[in-house]
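Listed here are the chains, written in short residue letters.
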Amino acid sequence: QVQLPDSGGEFVQAGGSLRLSCEAPESLFTRSFLGWFRQAPEKQREFVAAISETGTKSEYTNSVKGRFTISIDGAKDTVYLQMNRLEPEDTAVYYCAGFSSQDGELGYQFETWGRGTQVTVSS
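Residues numbered from 1 in each chain as written. Predicted model: local features only at pLDDT ≥ 70, side-chain atom pairs only at ≥ 80, totals over all residues. Heavy atoms only, no water.

Chemist: How should I be thinking about the sheet that holds strand 5 (residues 58-60) in this particular structure?
Modeler: Hydrogen bonds between backbone atoms are what pair the strands of a sheet, whose relative direction is either parallel or antiparallel. Strand order in the open sheet formed by six strands is 1-9-8-3-4-5, and the pairing between neighbours is mixed. Here the strands that pair on one side only, and so sit at the sheet edges, are strand 1 (10-13) and strand 5. Neighbour-to-neighbour, the strand axes of the sheet open up by a mean angle of 30°, direction not taken into account. Pairing analysis gives seven bridges linking strand 3 (residues 33-39) to strand 8 (residues 92-102), with the strands arranged antiparallel. In the strand pairing of strand 8, Gly35 is matched with Ala97. (Pairing = 2+ DSSP bridges. Helix = DSSP H or I, 4+ residues; strand = E, 2+ residues; numbered from the N terminus. Axes fitted to C-alpha atoms, helices over the stretch in contact; angles between N-to-C directions.)

Chemist: Explanation requested: the state of the cysteines in the structure shown.
Modeler: Chemically, a disulfide is nothing more than a covalent bond linking the sulfur atoms of two cysteines. Per the counting criterion, the structure on display carries one disulfide. A disulfide bridge connects Cys22 with Cys96, and the sulfur atoms are separated by 1.8 Å. One quick way to see it: the torsion about the S-S bond of Cys22 and Cys96 is about -75°, and its sign makes the bridge left-handed. Here the residue Cys22 occupies a position in strand 2 (residues 18-23), and Cys96 occupies one in strand 8, the gap between them amounting to 74 residues. The exposure class assigned to Cys22 is buried, which follows from its relative accessible area of 3%. (Disulfide = S-S within 2.5 Å. Buried < 20%, exposed > 50% of the residue type's maximum accessible area, 1.4 Å probe, protein only.)

Shown next as structure tokens:
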């Protein structure tokens, strides 16, 4: 389903930091890992990061390694993405997502929820 991102969004200067959060709804079925996809205009949806629901396994796309850190609060069923040293290339709509697992590793099945958060990084 096509949805508009949340109005306003987040605006950050290059080199700055931002933290996103997603609370998984009870209805979410695919939730062995929780994390984010992002999508910039005219580009394909890109995996960003995910963490297992136990908090013991994390995965990141190469472009954000060393800059982004994902964490999870199991009691709140909420995942957090701390984004540091942001770059203009990080500008995109960020979507909360649940992921499957395969042999304890991040799987390829996923589902998203929410309207997404627009993150704009200025140079």
